[in-house]
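Notes for the structure review
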Amino acid sequence: MAVKTYKMLIDGEWVDSSTKRTFDVLNPATEGVIAKVPKGEVEDVRAAIDAARTAFDNGSWSDKTPAERASVLLKMADLVEKESQRFAELESMNVGKTIKYSRDSDMPFIIDNLRFFAGAARNLEGKSMGNYSGLGFSMIRREPLGVVGAIVPWNYPLYIAMWKIAPALAAGNTLVIKPASYTPLTLLEFAKLVKGLLPDGVLNVVTGPGDIIGSEMAKSDKVDMVALTGDVSTGKKIMQMGSNNLKRVHLELGGKAPFVILPDASLEAAAEGAVVSAFWNGAQDCTATTRIYVPSKMHDTFVSMLVKKASKIRVGDPMKESTDMGPLVSAKQRERAESYVKVGLDEGAKLAYGGKRPAGIKKGFYFGPTIFTNVSQDMRICQEEIFAPVLSVIKYNTVEEAVEKANDVVYGLAASVWGSDITKTMNVANRLKFGTVWINEHGVLTAEMPHGGYKQSGFGKDLSMYAFDEFTQIKHMYVDQTGLARKPWYYVVYGDKD
Ligand code: NAD
């Protein structure tokens, strides 16, 4: 396959990096170079921020009616839908996720998310006409923030980019967005596809290192909001840098999702749910099941069911329909998986399954599904986000203990509870300190469902109408109803001197 050279989109123009430097983008299944992408510099991202600032301030997008903005988002959705197969193939080739997953999960969500926020743009309303003072009317309305700097990760490149682009544009903001350096291709292709639908400068895509491009977006006083999906450590840096001009900060960070099996759960359903939610997308998913809490007396049966199911996962070429798990995104990510297997063994955990690269595959960053037992709560494999297919199973004796252990991590993104008594499952779900808790399910997400973390998994919500709490600001406007002659507020404060 020919190596394609890309440019960045700044102020409606396709440009190289100001230094003309590029970086290579790999196919993790072959380790071969598939594209060259501009290695942006500070001056490039500054130009993009200036363009987004001008586009916001001149009202070319924010002054459009909700119906006009919605119509653009709907056109975007139609264009992506037409090219859906091409986007799915490119995403799979760049990330290593299976074609089944890109085509049947990522792409429909991306398209639907654009359509959801097209509708949402027309339902963006504040309260109006409350008479709270007894002297006049209040109008409380939502306005766009201005320039949004969005920074996205490599595990769901276009999908998570759309979690930022769709609500930001629906609300009337302009954007500078930075893809992760491993996976910039689908976002650049998306920008190419939709460029003609937007005034220049409304959507800018800048590629390059996070600590140059992302940092400048976080620091710049011309940016009004920075929205990151990424690692907790990156979130902490962004928050500090964002304090420069006290910009709004929206952080969707890591997770270490517990999967709590109650004593009356169906073990078959739980094992099926666990094996899917632990290993989809190569476990490179912030909501992936990572810690399974199972009653001691059910432990051995459950583990043998889990291992049997995991052994059926077909690891291999992500472009093949029959493949369930492709390679991890990078050599670094595979080293990370391997290093945590070593940590687990050193800590005294037992490998119930996997722990190694699949046999017979010579090229590609492959690593097989891995299951640890004999895991205790204080082990690093139980506490730290691995972001690779390394799963821990932990025994418990009382439900109280399971809830306490499930909550005992710094993360709080997502969790699940499995059981057949709705009262008992609800009781546990209520006590789990996570932004999402599924009952007898793990991982369902649609555009209507708010997604975001508790604790160090961040704050603010992606998706749903709640996303507008991040991408808009509230303005209060007040109209006196007493007649200017009476100087009403003066009268209330100082009394009637006449
Ligand atoms: P990362 O934090 O390394 O990178 C995320 C983005 O931030 C990339 O675009 C990167 O270039 C940029 N970046 C890195 N350092 C930066 C800096 N100093 N300043 C500004 N920008 C910087 O994360 P990753 O490895 O790409 O993604 C994996 C992480 O993302 C995991 O922790 C995962 O749990 C998390 N994640 C969270 C969600 C969620 O919705 N909560 C979804 C997906 C991934």
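These remarks concern the structure in this document. (Residues numbered from 1 in each chain as written. Predicted model: local features only at pLDDT ≥ 70, side-chain atom pairs only at ≥ 80, totals over all residues. Heavy atoms only, no water.)

**Looking at the overall build of the chain**
Rules: Secondary structure elements follow DSSP: runs of H or I of four or more residues count as helices, runs of E of two or more count as strands, with numbering from the N terminus. Throughout, radius of gyration means the C-alpha value; the globule benchmark is 2.2 Å times the number of residues raised to the power 0.38. When accessible area is computed with a 1.4 Å probe and restricted to protein chains, residues below 20% of their type maximum are described as buried, those above 50% as exposed, and intermediate ones as partly exposed. The contact definition used throughout considers only heavy atoms, calling two residues in contact when any of these lie within 4.5 Å.
Tallying secondary structure elements over the chain gives 16 helices and 21 strands in all. Rg of the C-alpha trace for the chain: 25 Å, near the compact-globule value of 23 Å for 498 residues, within the 12% margin. Along the first, second and third principal axes, the C-alpha atoms of the chain reach 85 × 60 × 40 Å. By the burial criterion, 56% of the 498 residues in the chain qualify as buried. When contacts within the chain are restricted to residue pairs at least 6 apart in sequence, long-range pairs at least 24 apart make up 73% of them.

**Description of the site of the ligand**
Rules: It suffices for a single heavy atom of a residue to lie within 4 Å of a molecule or strand for the residue to be listed as near it. Two N or O atoms form a polar contact when they lie within 3.5 Å of each other; inside protein one atom must be a possible hydrogen donor and the other a possible acceptor, and for residues adjacent in sequence the pair counts only when both atoms belong to side chains. Under the convention used here, a 1.4 Å probe and the Shrake-Rupley method define accessible areas, while residue burial counts only the protein chains that appear. For this classification, the nonpolar set comprises Ala, Val, Leu, Ile, Met, Phe, Trp, Tyr, Cys and Pro, the charged set comprises Asp, Glu, Lys and Arg, and every other residue, Gly included, is treated as polar.
Surrounding the ligand, one finds 31 residues, the nearest of these being Val152, Asp231, Thr234, Leu253 and Glu385. Within the side chain of lysine 178, one N or O atom sits 2.9 Å away from an oxygen atom of the ligand. Here a nitrogen atom of the ligand sits 3.3 Å away from a polar atom, N or O, in the main chain of glycine 210. Coverage of the ligand by the protein amounts to 88% of the 840 Å² it exposes when considered alone. If you list the elements that add at least two residues to the shell around the ligand, you get helix H5 (157–170), helix H7 (210–219), strand E11 (225–229) and helix H8 (232–242). Class assignment of the residues belonging to the shell around the ligand gives a composition of 15 nonpolar, 10 polar and six charged.

**Focus on empty space enclosed by the protein**
Operational definition: Think of a 1 Å grid over the protein atoms and nothing else: a 1.4 Å probe that fits but is trapped marks a cavity, an open set flanked by protein within 12 Å on at least five of seven lines marks a pocket, and residues with an atom within 4 Å of a point count as lining. Grid points are joined across faces, edges and corners, and a volume is the space filled by probe spheres set on the points.
All told, the structure shown has two cavities of 30 Å³ or more when counted by the stated rule. When its volume is computed, the largest cavity comes out at roughly 90 Å³. Around the largest cavity sit 19 residues that line it, and Ala283, Ala288, Thr289, Thr290 and Phe387 are the ones nearest its centre. For the lining of the largest cavity, the secondary-structure elements that each account for two or more residues are helix H9 (267–279), strand E14 (289–295) and strand E17 (390–396).

**Re the environment of arginine 431**
Note on placement: arginine 431 falls in helix H14 (residues 422–431). Here arginine 431 falls in the partly exposed class, since its relative accessible area comes to 28%. Taking C-alpha positions, arginine 431 is 12 Å from aspartate 408, a pair spaced 23 residues apart along the chain. Those residues in contact with arginine 431 that sit more than four places away from it in its chain are Val399, Glu400, Val403 and Asn407.

**Things to note about the side chain of asparagine 155**
Position of asparagine 155 relative to the elements: it lies in the loop between strand E8 (147–151) and H5. A polar side-chain atom of asparagine 155 sits 3.2 Å from the main-chain carbonyl oxygen of glutamine 284. Apart from the residues lying within four places of it in its own chain, the contact partners of asparagine 155 are Val95, Lys97, Ile160, Asn281, Gln284, Asp285, Cys286 and Phe387.

**A closer look at the nonpolar core**
Selection criterion: Think of a nonpolar core as a cluster: buried Ala, Val, Leu, Ile, Met, Phe, Trp, Tyr and Cys residues, connected wherever their side-chain atoms sit within 4.5 Å.
Counting residues in hydrophobic clusters, the biggest one holds 69 residues, and the most contacted among them are Met76, Leu114, Phe117, Ile165, Leu169, Ile177 and Phe190. With 12 residues, the top contributor of residues to this core is helix H4 (residues 99–121). If we skip the residues at most four places from it in the chain, leucine 114 touches Leu73, Met76, Ala77, Val80, Met162, Ala166 and Phe190. With 53 residues, the next largest nonpolar core counts Ile10, Val260, Val341 and Val428 among its residues.

**Description of the packing of helix H3 (residues 84–95) against H4**
For clarity, the threshold we go by: Angles shown run from 0 to 180 degrees and are taken between the N-to-C directions of axes, each axis being a line fitted to C-alpha atoms and, for helices, limited to the stretch in contact. Angle categories: roughly parallel below 35 degrees, roughly antiparallel above 145, roughly perpendicular from 65 to 115, and oblique for all the rest. Note on convention: near helix rotated counterclockwise from far helix by under a right angle means a left-handed crossing. Clockwise means right-handed.
It is the contact of H3 with H4, at a shortest axis distance of 9 Å, that shows an interaxial angle of 125 degrees. With respect to each other, H3 and H4 are oriented oblique. Our pair here, H3 against H4, has a crossing hand that is right-handed. Between H3 and H4, the residues in contact are Ser84, Gln85, Phe87, Ala88, Glu89, Glu91 and Ser92 and Ile99, Ser102, Arg103, Asp106, Met107 and Ile111, respectively. When its residues are assigned to classes, the contact of H3 with H4 shows five nonpolar, four polar and four charged.

**Re the state of the cysteines**
Selection criterion: Cysteine sulfur atoms are paired as a disulfide whenever they fall within 2.5 Å.
A complete count under the given rule lists zero disulfides for this structure. In this model cysteine 382 remains outside any disulfide bridge; the closest cysteine sulfur is found in cysteine 286, 18 Å from its own. The exposure class of cysteine 382 is buried, given its relative accessible area of 0%.

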